[in-house]
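Take a look at the letters that make up each chain.
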Amino acid sequence: MITSAIIPLPLARLPWRLIFLVAAIAMFGLVVLYSAAGGSAQPWAVKQGIVFFLFLGVAIAMSWMSEATIKSIAFPLYGATLIMLIGVEGLGFVSKGAQRWLELGPIRLQPSEFMKPAMVLTLARFYELVPAGEIRRWRAIWPAAVLLGVPAILILVQPDLGTCIMVLLCGITVMFLAGLPLWIFVVPAAAGAVAAPIVYHMMHGYQRQRIDVFLDPERDPLGAGYHIAQSKIAIGSGGIWGKGFLHGSQSHLDYLPEGHTDFVFATMAEEWGLVGGVLLILAFGSIIRWGMKVSANSRTRFGQLAAAGLSATIFFYVAINLMMVMGLAPVVGVPLPLVSFGGSAVMTVMLCLGLLMALERQQRTGSKVT
Amino acid sequence: MKPIRITSAHQSITFSRRMLVLGGAQIGVGGLLIGRLGWLSIAENEKYQLLSESNRVQLIPVPPRRGWIIDRYGKPIAINKASFRVDIIPQQLEKGTDIVPQIAKLLELDDDDVDRVRRELEDSRGFQPVSVADNVPYEQYAAITVRLPDLPGVAASQGFTRFYPGGSTVGQLVGYVSPASADEYEKENKNPLLLVPGVKIGKEGLEKTLESTLRGQPGGQRVEVTARGKLVKELEPKPDISGGTVQLTIDSDLHQYAARRIGDQSGSVVVMDVSTGDILAMPSMPSFNPNNFSDGISQAEWKMLSQNDHLPLVDKVLESLYPSGSTIKPSMAMALLNAGIDRKERVNCTGSYPLGNHVFHCDKRHGLVDMNDAIVRSCDIYFYEMCRRVGAEKLAPMVRSMGFGEKFDLPFDNQRYGTIPDPQWMMRKYHREWQTYDTINMSIGQGMVLINPLQLATMASRISTGRRVVPRLLKSRLIAPQPPLAVDQDHLDFIRAAMAGVVDHGTAAAAKLPIPGIQMAGKTGTAQVHKLGANERGGHENSVWKLRDHSLFAAFAPADNPRYAVGAILEHGGFGAQVAAPLVRDTLLFLFNKQMALQNLSVFEQSLGGTLDERIARRTAAWREANGLPPLPAKQA
């Protein structure tokens with residue numbers, strides 16, 4: 001918080017350090033997109049910049065929402081998103097082999113994006129309503145499992161494995177923090193390890209192939225393993241200091257596929273090297289740490305759970321994308337928030353940050369409200 | 001267990017604890033990510049930098065110039081001739097394949113070629129040129145060149161075509177070159193050089209076996225290209241290294257002379273230098289013209305060559321095997337002497353030799369003959385009798401030591417080396433006991449005996465020197481050591497004298513060298529192709545060409561101080577003395593007196609109705625007419 005006589009109080013009360021950090025990451029992202037386009041602001045950097053500032057405005061506006069408002073919209077938001085998810089199945093159209101978008105006039109909505117914050121808020125609200133004594137009871141578990149499972153299945157059948165995993169992880173994080181008995185998490189994890197081969201058997205051809213190739217990328221370096229192989233070449237060839245701005249041959253000569261979307265980190269690391277990569281990871285780490293601190297400082301159970309869940313959403317975005325780009329996880333199609341080109345991820349992350357900022361403001365001004 | 005009563009306070013402690021776990025896990029993942037990033041960009045940096053470079057930089061191979069093949073005096077046998085070619089660089093095309101008909105019209109391409117160009121353009125990788133036409137005449141090349149500004153993507157350039165000054169006389173020796181096939185491309189691990197338009201590799205003969213020396217190292221234009229094959233910029237080129245020159249022991253003039261002297265016969269001649277084993281000539285005729293192959297042979301020409309019963313596609317020096325006939329007799333006589341037969345002992349030749357219920361024949365009644373007579377007048381009955389007495393076990397090793405049945409270290413992959421049979425071999429191969437009639441057959445080089453012309457020349461070399469002469473074709477190879485043969489000098493002198501007698505007053509008396517003081521020594525041979533009844537004997541000229549006897553002659557000269565040895569086999573040529581011996585005489589004459597030899601050749605060719613090229617042209621025209629094909633357009637010289 002900046003305190004100064006010149007700046008009006010409402011503005012001064014904004015969490016400027018966070019906003020600068022987010023803006024810095026986004027600006028760096030624009031620089032990377034500029035290079036990915038071969039040294040041109042078109043077609044990505046300008047568009048991405050506009051979308052970013054639009055949602056930054058939205059996020060800042062959201063920061064004035066009261067916790068009570070957030071609480072009250074949790075269930076309706078969840079319900080609306082669930083209906084849209086069902087609508088995608090019916091009305092959605094096929095793009096890239098996946099049914100993910102809902103056309104509402106000129107707006108193209110990807111409801112699964114909304115589901116990440118909506119899931120966090122709903123579960124936070126649900127556990128706030130569960131009395132402390134009931135938390136280890138079966139009734140505290142099955143409604144949450146249904147709330148989480150139904151949208152997860154709907155997203156999985158779209159099919160959008162990446163988002164499905166994200167939603168599940170966000171929901172499970174909230175349930176974990178809510179204090180459910182540990183066996184709830186340990187037993188399914190063990191069961192999952194057992195069931196993995198069966199799930200693998202039921203997967204779509206391309207999903208199964210991605211996992212095969214993740215386990216052994218050398219198997220098909222020109223086919224399905226091409227993404228991971230070329231991404232590792234881009235990152236590895238960057239070295240400590242990188243090849244220099246606009247000098248990344250992997251991205252400029254089109255060897256790196258999706259160099260402006262899911263694999264934007266590889267484009268960045270090739271030109272900015274280990275240094276750029278570590279700085280970017282640390283910047284994301286600071287944002288997540290800020291969010292976790294909002295949660296820790298929160299005085300309400302809803303605030304605690306919601307803030308932690310929203311921070312976890314950002315964390316899972318970054319972690320899954322980077323693991324995938326560096327060959328530690330299969331390619332599941334999760335973008336790097338604020339850097340990858342594309343509005344959806346920017347929107348989700350800025351919604352999360354807007355909600356976090358609102359919760360944070362609540363803490364600072366909380367004494368007046370209560 | 002009684003359920004614990006959980007209060008808000010409990011809940012808050014659980015939350016804090018689990019937040020610590022979550023935070024710790026997040027820091028752990030962050031550490032893992034940074035660690036992985038560090039591993040990729042520091043520890044594996046070098047590996048990935050290499051991979052990135054090999055992505056970025058592609059090499060457009062610049063074909064090296066193929067090495068020359070030259071003869072022992074440095075005369076060219078295979079060289080490169082400048083030629084014009086037209087290619088299309090797909091990436092620079094502006095109108096796609098629409099340009100193809102326009103070029104096809106300028107270059108007068110036929111429909112097959114147009115289809116091929118279209119197909120290759122569709123499959124091509126941007127910067128790799130697609131060959132439109134090879135060996136383009138200057139007028140068409142010029143027509144393309146002046147229109148180049150209107151033809152983006154078309155490249156007219158100068159390249160090289162293989163040229164063989166010896167034409168069809170060297171076909172079997174050098175083989176030919178042509179573009180690599182899909183199989184050959186796979187076999188060389190997809191060597192990109194083989195895809196470059198105009199690059200040809202050896203397919204037969206020396207061009208094939210000496211490929212690694214002749215090809216050289218391709219250079220390359222290094223370019224930066226995108227993943228889709230679009231050229232971004234050119235980097236500094238890598239120079240090419242021309243192929244190495246290969247010098248042969250061949251005397252190009254002699255080789256061509258011998259080839260022409262074979263005339264319209266089907267056969268081959270091998271001339272060797274007896275002191276070194278150098279092969280001076282080894283034509284096999286008729287042959288194909290390798291120049292036509294390097295221009296791209298037409299289907300009609302291929303068909304004509306493969307239908308010819310004189311087998312122009314077979315190297316008769318190394319791939320064809322023949323019964324040795326009587327040319328085996330000097331070696332047999334050596335074996336007999338070695339086995340203790342008295343050369344003065346006489347055998348009465350009555351013209352027939354009964355053995356069991358079969359009668360073996362001689363072509364004449366020679367009366368009482370000793371060993372010398374038996375060689376000079378080529379009496380079969382003498383050898384039947386003497387060889388039967390000694391037995392095959394003692395004969396075969398000596399015959400083999402003369403070079404028969406031996407495989408030589410020569411740069412050809414099609415060498416066949418024939419058979420000198422013996423009882424063990426018979427058991428191994430046919431699972432039967434050796435019979436006396438096998439010895440009888442073997443004694444005059446029939447039955448299971450099979451040799452090639454190179455072995456015939458080697459035998460003459462070894463008898464003339466008494467040393468184990470080994471043929472050599474590559475000048476770069478060391479001359480093989482020549483240990484003395486395990487024979488008595490006295491025996492050798494006797495055999496040489498007998499062979500001199502063959503030419504002086506024996507079966508080859510008509511083939512004396514017309515030079516005073518230089519005598520030739522030799523041995524004629526007539527190898528039966530199929531078994532003739534007694535009443536058919538001598539009826540060679542009348543029978544069908546395919547059934548006529550092979551005509552053989554082995555010789556060395558000068559008889560008193562041998563320098564050259566020759567072996568010649570003319571398929572279905574009839575009596576050795578009549579056809580092969582004069583051919584060998586003229587070939588040797590060329591070495592001693594060129595003028596006289598050339599005169600003989602011109603008389604000989606006139607009797608055949610023109611020079612080799614004229615006769616080939618006439619025969620091709622006749623074949624095309626018979627097969628309903630239009631006559632070939634007149635070729636520029």
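Definitions and cut-offs
Residues numbered from 1 in each chain as written. Chains lettered and ligands numbered in written order. Predicted model: local features only at pLDDT ≥ 70, side-chain atom pairs only at ≥ 80, totals over all residues. Helix = DSSP H or I, 4+ residues; strand = E, 2+ residues; numbered from the N terminus. Buried ≥ 20, exposed ≤ 12 C-beta atoms within 10 Å, placed from the backbone. Contact = placed C-beta atoms within 7 Å. Pairing = 2+ DSSP bridges. Core = buried A, V, L, I, M, F, W, Y, C linked by C-beta atoms within 7 Å. Axes fitted to C-alpha atoms, helices over the stretch in contact; angles between N-to-C directions. Parallel < 35°, antiparallel > 145°, perpendicular 65-115°, else oblique. Left-handed = near helix turned anticlockwise from the far one by under 90°. Nonpolar A, V, L, I, M, F, W, Y, C, P; charged D, E, K, R; others polar. pLDDT = per-residue confidence, 0-100.

As a further point, take the overall build of chain B. Check the secondary structure of chain B and you find 23 helices and 20 strands. In chain B, which comprises 637 residues, the proportion classed as buried is 43%. In chain B, of all internal contacts separated by at least 6 residues, the share reaching a separation of at least 24 is 73%.

Attention now goes to the overall build of chain A. A tally of helices and strands in chain A yields 14 helices and 3 strands. Burial analysis of chain A (370 residues in total) assigns 51% to the buried set. Look at the contacts in chain A between residues 6 or more apart in sequence, and 67% of them connect residues 24 or more apart.

For the rest of this paragraph, the subject is the pairing of strand β16 (residues 358-361) of chain B. Residue and element names in this part refer to chain B. Bridge count for strand β15 (residues 352-355) against β16 is 4 bridges, and the pairing is antiparallel. Counted as the bridge partner of tyrosine 353 is phenylalanine 360 from β16. In sequence, β15 turns back onto β16 through a hairpin of 2 residues, with glycine 356 there showing a positive phi of about 60 degrees.

Between chain A and chain B, the contact holds 40 residues from the first and 38 residues from the second. Only α7 (161-178), α10 (226-238), α11 (249-252), α12 (264-297) and α13 (301-325) of chain A provide two or more residues apiece to the side of chain A that touches chain B. Element by element, the count of residues in the side of chain A that touches chain B is highest for α12 of chain A, at 11 residues.

Attention now moves to the nonpolar core. Val271 and Val566 of chain B are the most contacted members of the largest nonpolar core, which totals 118 residues. It is helix α21 (residues 580-592) of chain B that provides the largest number of residues to this core, a total of 8 residues. Other than its neighbours up to four places away in sequence, valine 566 of chain B contacts Val269, Val270, Val271, Ala457, Ala460, Ala555, Val584, Thr587 and Leu588 of chain B. Counting residues in hydrophobic clusters, the runner-up holds 116 residues, among them Val22, Leu180, Leu310 and Val339 of chain A.

This part takes up the sheet that holds strand β9 (residues 231-234) of chain B. Residues and elements named next belong to chain B. Strand order in the open sheet formed by 3 strands is β1-β8-β9, and the pairing between neighbours is antiparallel. Two strands bound the open sheet, and with one partner strand each, they are β1 (57-62) and β9. Averaged over all pairs of adjacent strands, the angle between their axes in this sheet comes to 40 degrees, without regard to strand direction. Relative to strand β8 (residues 219-225), β1 runs antiparallel, the two sharing 6 bridges. The residue bridging valine 57 from the neighbouring strand is glutamate 224, located in β8.

Between α13 of chain A and helix α1 (residues 8-43) of chain B, whose axes approach to 11 Å, the crossing angle comes to 20 degrees. Judged by the angle between their axes, α13 of chain A and α1 of chain B are roughly parallel. Between α13 of chain A and α1 of chain B lies a crossing of left-handed hand. Between α13 of chain A, through Gln304, Ala308, Phe315, Ala319, Leu322 and Met323 of chain A, and α1 of chain B, the contact on the second element is made entirely by Phe15, Met19, Leu22, Gln26, Val29 and Leu33 of chain B. Across the contact of α13 of chain A with α1 of chain B, the residue classes tally to 10 nonpolar, 2 polar and no charged.

Our next topic: the packing of helix α5 (residues 111-129) of chain A against α7 of chain A. Residue and element names in this part refer to chain A. Contact geometry for α5 and α7: axes closest at 9 Å, N-to-C directions at 15 degrees. Our classification of the angle between α5 and α7 gives roughly parallel. You can see that α5 and α7 cross each other, and the crossing is right-handed. On the side of α5, the interface is formed by Ser112, Met115, Lys116, Met119, Val120, Leu123, Ala124 and Tyr127, while α7 contributes Thr163, Met166, Val167, Cys170, Gly171, Val174, Met175 and Ala178. Grouping the amino acids of the contact of α5 with α7 by side-chain chemistry returns 12 nonpolar, 3 polar and 1 charged.

Take unusual backbone geometry next. Residue and element names in this part refer to chain A. A cis amide bond links glutamine 42 to the next residue, proline 43, at an omega of 0 degrees. Looking at where proline 43 falls in the secondary structure, it is placed in the loop between α2 (16-36) and α3 (45-62). Positive phi values are uncommon outside glycine, yet aspartate 254 reaches one of about 65 degrees. Of note, aspartate 254 is situated in the loop between α11 and α12. Judged by local crowding, aspartate 254 falls into the partly exposed class, with 16 C-beta atoms found within 10 Å.

On to the confidence of the model for chain A. Residue and element names in this part refer to chain A. Mean pLDDT over chain A works out to 86, with 88% of the residues at or above the 70 mark. By mean pLDDT, strand β1 (residues 93-95) is the weakest element of chain A at 47, and α12 is the strongest at 95. The model gives residues 93-98 a pLDDT under 50, and that stretch makes 8 contacts with residues more than four places away or in other chains.

This paragraph deals with the confidence of the model for chain B. All names here are of chain B. Averaged over all residues, the pLDDT of chain B is 86; the fraction at 70 or higher stands at 94%. Taken as a whole, residues 532-540 scores under 50 in pLDDT and shows 9 contacts with residues more than four places along the chain or in a different chain. Both scores are available for the predicted complex, with the pTM at 0.64 and the ipTM at 0.91.

Looking now at the environment of proline 237 of chain B. All names here are of chain B. Mapping proline 237 onto the fold places it in the loop between β9 and β10 (246-247). For the pair proline 237 and leucine 59, spaced 178 residues apart in sequence, the C-alpha to C-alpha distance is 8.8 Å. Not counting residues within four places of it along the chain, the set of residues in contact with proline 237 comprises Gly219, Gly220, Gln221 and Arg222.

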